[in-house]
Amino acid sequence: MGNSKSGALSKDLLEDLKSNTKYSEAELCTWYQCFLKECPGGKISKEQFEGIYASFFPNANPSAYARHVFRSFDTNADGTLDFKEYIVALHLTSGGKTLQKLEWAFALYDVDGNGTISKNEIQEIVKSIFNMIPEEDQKRLPEDEDTPEKRSEKIWDFFGKKDNDKIAEGEFIQGVMDNKDILRLIQYDEPQKIKDKLKEKRQ
């Protein structure tokens, strides 16, 4: 991203983001100014992204989850997020249509990017989600999902898979759309704190 665009969003990018996210032109321009203030080079590194998550979750260990979220949004795999990737990330993690969110969730769980999800990948993401939940809250979870292993097993059993099977994207999306309980199990709902911080930045 060159300095020529340092002050304003290009018209094409603005139109693209307006039609693909819930944000208005004014909001996008405000986000852009905030983005450039924090990342003058026009890119967020993985470390900066982890730092943002760490500030949202001071009582947890969000680094593994943040790394997976970063990977799922770094669509060109260059190790940074540009403004478009960043806004799409915000849109999908704080709102977004169900189908878009599930496509993103599939990308999050497809750790090696091979187009299917294995049981090990489910376990890896669920474990990173558990690191985000304060220990006190973990104690209040239902008994059959109060550890990463139990929760992973519950998800895998729902899809009726053997240990070495794989889940394809269409099957994953359909399964989750058909069962709200699985949607709850596969995602990490950001606490109100994140939503408040996002609102703060928008103003």
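1. Considering the environment of Thr75
In step 1: Note on placement: Thr75 falls in the loop between α4 (63-73) and β2 (80-81).
In step 2: Linking Thr75 and Glu85, residues 10 residues apart in sequence, is a C-alpha distance of 7.3 Å.
In step 3: Reaching out from Thr75, the side chain makes a polar contact with the side chain of Glu85 at a distance of 2.9 Å.

2. Brief notes about helix α1 (residues 11-20)
In step 1: Restricting attention to buried positions, one finds in α1 the residues Leu13, Leu14 and Leu17. Viewed end-on, α1 has its buried residues packed into an arc of 100 degrees, placing them on one side of the element. α1 presents Lys11, Asp12 and Ser19 as exposed residues on the side facing more than 90 degrees away from its buried surface.

3. Things to note about the pattern of salt bridges
In step 1: Across all of its chains, the model carries 15 salt bridges by this definition.
In step 2: Residue Lys18 pairs with Glu15 through a salt bridge whose shortest N-O separation is 3.5 Å. In this pair, Lys18 and Glu15 both sit in helix α1, three residues apart, roughly one turn of the helix.
In step 3: What makes Lys18 partly exposed here is its relative accessible area of 31%.
In step 4: On the basis of relative accessibility, which here comes to 36%, the residue Glu15 falls in the partly exposed class.
In step 5: Across the salt bridge formed by Asp78 and Lys43, the nearest N and O atoms sit 3.5 Å from each other. Placement of the pair is Asp78 in the loop between α4 and β2 and Lys43 in the loop between α2 (25-38) and β1 (44-45), with a sequence separation of 35 residues.
In step 6: Residue class for Lys43 comes out partly exposed when judged on its relative accessible area of 29%.

4. Some details on the environment of Leu185
In step 1: Looking at where Leu185 falls in the secondary structure, it is placed in helix α11 (residues 180-186).
In step 2: With 33 residues separating them in the primary sequence, Leu185 and Ser152 have C-alpha atoms 8.6 Å apart.
In step 3: Ignoring any residue separated from it by four or fewer positions in sequence, one finds Leu185 in contact with Tyr109, Glu145, Arg151, Lys154 and Ile155.

5. Some points on the packing of aromatic side chains
In step 1: Scanning the entire structure with this criterion turns up 11 aromatic pairs.
In step 2: Ring geometry for Phe106 versus Phe172: centroids 5.6 Å apart, planes at 65 degrees, classification edge-to-face. Placement of the pair is Phe106 in helix α6 (residues 98-109) and Phe172 in helix α10 (residues 169-178), with a sequence separation of 66 residues. Note on accessibility: Phe106 and Phe172 belong to one class, buried.
In step 3: Each ring, one from Phe159 and one from Phe172, has its centre 6.2 Å from the other, and the planes form 15 degrees; the classification is stacked. Here Phe172 lies in helix α10 and Phe159 lies in the loop between α9 (148-158) and β4 (166-168), a separation of 13 residues in the sequence.

6. Observations regarding the side chain of Lys161
In step 1: Within the fold, Lys161 resides in the loop between α9 and β4.
In step 2: Look past the residues within four positions of Lys161 in its chain and what remains in contact with it is Trp156, Lys166, Ile167 and Glu171.

7. Remarks on the packing of helix α7 (residues 119-130) against α9
In step 1: In contact at an axis separation of 9 Å, α7 and α9 are set at 135 degrees when each is read in the N-to-C sense. Taken together, the axes of α7 and α9 lie oblique to each other. At the point where α7 passes α9, the crossing takes the right-handed sense. Along its contact with α7, which presents Lys119, Ile122, Gln123, Val126, Lys127 and Phe130, the element α9 presents Pro148, Arg151, Ser152, Glu153, Ile155 and Trp156.
In step 2: Split into classes, the residues belonging to the contact of α7 with α9 amount to six nonpolar, two polar and four charged.

Reading guide: rules and limits
Residues numbered from 1 in each chain as written. Predicted model: local features only at pLDDT ≥ 70, side-chain atom pairs only at ≥ 80, totals over all residues. Heavy atoms only, no water. Helix = DSSP H or I, 4+ residues; strand = E, 2+ residues; numbered from the N terminus. Polar contact = N/O pair within 3.5 Å; in protein donor to acceptor, adjacent residues only side chain to side chain. Buried < 20%, exposed > 50% of the residue type's maximum accessible area, 1.4 Å probe, protein only. Arc of directions from axis to C-beta. Salt bridge = Lys/Arg side-chain N within 4 Å of Asp/Glu carboxyl O. Contact = heavy atoms within 4.5 Å. Phe/Tyr/Trp six-rings, centres within 6.5 Å; stacked < 30°, edge-to-face > 60°. Axes fitted to C-alpha atoms, helices over the stretch in contact; angles between N-to-C directions. Parallel < 35°, antiparallel > 145°, perpendicular 65-115°, else oblique. Left-handed = near helix turned anticlockwise from the far one by under 90°. Nonpolar A, V, L, I, M, F, W, Y, C, P; charged D, E, K, R; others polar.

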